[in-house]
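Remarks on the overall topology
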Protein chains: 2
Amino acid sequence: MSTKGLLLIGHGSKKPYNKELVEETARVIGMTDENFIVKSGFMSINEPSVEEQLDAFRSEEIEALVVVPLFLAKGVHILKDIPDILGLPEGQYRGTFRLNGRDVPLVYAQPIGSDPLLAELMLKNAYQAIDDLL
Amino acid sequence: MSTKGLLLIGHGSKKPYNKELVEETARVIGMTDENFIVKSGFMSINEPSVEEQLDAFRSEEIEALVVVPLFLAKGVHILKDIPDILGLPEGQYRGTFRLNGRDVPLVYAQPIGSDPLLAELMLKNAYQAIDDLL
């Protein structure tokens, strides 16, 4: 597979925990899968912004850009704000990303959504809390 | 293991997707682990509220209550608003829950946080988006 860009988008928060979560997840993705150049950006409060990281990708040697929102579920950011930044009409998940001198495909991935892995994570946290009690 | 209550707390949203995610995750947890009676409640906008579901647990035959926030990372809801509702001082994760006629232990679990499973979920969504492109 040719090298692709992966932009992980976080919500941002006044507290440090959302930024830590997003950047740590981006780091693990980059270590796990060498097909991707991974960067992370934030919708609000934290830096770098999504726009800044899109600009940073324009000089990378990538054959496509995949934008992945680290959000639990669809909401206004997912359905409207991020598509606006990406230049995608609402409800459309494919577009074009302008690099320095050429265009490559852009795809916009889904947020987490219902997934058995999510139930597994919640049970893990529940049992961890019970263990701490005993 | 004796029967415990598991209250899954969601953020709530004007759009239907957060509520769907939380309720579906609660359903899967209940199907996966028969040690728990599972209910879900919301911090804002959606019903039932966290307070309503705490009241619903007071008449259940449970030996402990585990409160699990379906949030990505710590923020104001996790650090202040939910502890306030549970009667826990900030930074404390164990307390007491008043059933009809007796007290049982209450534990407050962590949100998702950094987890290799989260990176795995994001990569899955990235590859799904790429497959849709091809």
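Criteria and thresholds
Residues numbered from 1 in each chain as written. Chains lettered and ligands numbered in written order. Predicted model: local features only at pLDDT ≥ 70, side-chain atom pairs only at ≥ 80, totals over all residues. Heavy atoms only, no water. Core = buried A, V, L, I, M, F, W, Y, C linked by side-chain atoms within 4.5 Å. Buried < 20%, exposed > 50% of the residue type's maximum accessible area, 1.4 Å probe, protein only. Contact = heavy atoms within 4.5 Å. Helix = DSSP H or I, 4+ residues; strand = E, 2+ residues; numbered from the N terminus. Expected span 1.5 Å × (residues − 1). Polar contact = N/O pair within 3.5 Å; in protein donor to acceptor, adjacent residues only side chain to side chain. Pairing = 2+ DSSP bridges. Axes fitted to C-alpha atoms, helices over the stretch in contact; angles between N-to-C directions. Buried area = accessible area lost by both parts, 1.4 Å probe. Salt bridge = Lys/Arg side-chain N within 4 Å of Asp/Glu carboxyl O. Nonpolar A, V, L, I, M, F, W, Y, C, P; charged D, E, K, R; others polar. Phe/Tyr/Trp six-rings, centres within 6.5 Å; stacked < 30°, edge-to-face > 60°. Lys NZ or Arg CZ within 6 Å of the ring centre and 35° of its normal. pLDDT = per-residue confidence, 0-100. Least-squares fit on C-alpha atoms with pLDDT ≥ 70 in both. Right-handed = clockwise from strand over helix to strand, strands pointing away.

In this section: the nonpolar core. Counting residues in each nonpolar core, the largest one holds 50 residues, and the members touching the most others are L8 and I112 of chain A together with L8 and I112 of chain B. Those residues in contact with I112 of chain B that lie beyond four places of it in its chain are L72, L118, L121, M122 and N125 of chain A together with L70, F71, L72 and L118 of chain B.

The next subject is helix α4 (residues 116-133) of chain B. Counting along an α-helix, one turn takes 3.6 residues, and residues three or four places apart therefore face a common direction. Compared with the 26 Å implied by 1.5 Å per residue over 18 residues, the 26 Å span of α4 of chain B between its first and last C-alpha is a close match. If you check which residues of α4 of chain B are buried, you get L117, L118, A119, L121, M122, L123, N125, A126, A129 and I130 of chain B. Structurally, α4 of chain B contributes buried residues whose contacts are with β1 (4-10), α1 (17-32), β2 (36-42), β3 (65-69), β5 (103-108) and α4 (116-133) of chain A. Sitting at the amino-terminal end of α4 of chain B is D115 of chain B, which places a side-chain oxygen 2.8 Å from the backbone nitrogen of L117 of chain B.

Bringing the sheet that holds strand β2 (residues 36-42) of chain B into the picture now. Residues and elements named next belong to chain B. Ordered by their spatial adjacency, 5 strands build an open sheet running β2-β1-β3-β5-β4, and the pairing between neighbours is mixed. Only two strands of the sheet have a single neighbouring strand rather than two, namely β2 and β4 (94-98). Across the sheet, the mean angle from the axis of one strand to that of its neighbour is 25 degrees, orientation sign disregarded. In the sheet, strand β1 (residues 4-10) pairs with strand β3 (residues 65-69) via 5 bridges, with the strands oriented parallel. Pairing of L8 across the sheet is with V68, part of β3.

If you look at the interface, chain B gives 54 residues, while chain A gives 54 residues. Summing the contributions of chain B and of chain A, the shared interface buries around 4,500 Å²; its carbon and sulfur component is 78%. Here chain B is connected to chain A by 2 salt bridges. Between D115 of chain A and K124 of chain B there is a salt bridge, and its shortest N-O distance comes to 2.6 Å. Inspection of the chain B/chain A interface yields 12 residue pairs in polar contact (both at pLDDT 80 or more). Taken together, the elements giving at least two residues each to the side of chain B that touches chain A come down to β1, α1 (17-32), β3, α3 (76-86), β5 (103-108) and α4 of chain B. At 15 residues, the largest contribution of residues to the side of chain B that touches chain A is made by α4 of chain B. Across the side of chain B that touches chain A, the residue classes break down as 34 nonpolar, 9 polar and 11 charged.

In this section: the packing of aromatic side chains. Applying the stated criterion across every chain, the model contains 4 aromatic pairs over all chains. The residue whose ring lies beneath K39 of chain A is F57 of chain A, and the NZ or CZ to ring-centre distance is 5.2 Å. Over the aromatic face of Y17 of chain B sits the side chain of K74 of chain A, whose NZ or CZ is 5.3 Å from the ring centroid.

What follows is about the confidence of the model for chain A. Chain-level pLDDT for chain A is 94 on average; 99% of the residues reach the 70-or-more range. Taken over the whole predicted complex, pTM reads 0.91, whereas the ipTM for its chain interfaces reads 0.91.

Residues and elements named next belong to chain A. For L99, the position within the fold is in the loop between β4 (94-98) and β5. Along the primary structure L99 and A64 are separated by 35 residues, whereas in three dimensions their C-alpha atoms are 9.8 Å apart. Not counting the four nearest positions on each side in its chain, L99 is found in contact with F57, R58, E60, I62 and V104.

Of the transformation superimposing chain B on chain A, the axial component is 0.0 Å and the angular component is 180 degrees, with the fit at an RMSD of 0.0 Å. Considering both components of the superposition, the chain copies are consistent with a two-fold axis. Comparing interface residues between copies, 100% of those in chain B also lie at the interface in chain A; the contact surface is shared.

A separate point is the pairing of β4 of chain A. Residues and elements named next belong to chain A. The sheet contact formed by β4 and β5 spans 5 bridges and is antiparallel. Counterpart to R98 in the pairing with β5 is D103. Linkage of β4 to β5, two consecutive antiparallel strands, is achieved through a turn of 4 residues, within which G101 is found at a positive phi near 100 degrees.

Right, let's talk about the pairing of β2 of chain A for a bit. Counting buried positions along β2 of chain A gives 5 out of 7 residues, so the element sits mostly inside the fold. You can see the chain leave β1 of chain A, run along α1 of chain A and come back into β2 of chain A, and the turn it takes is right-handed.

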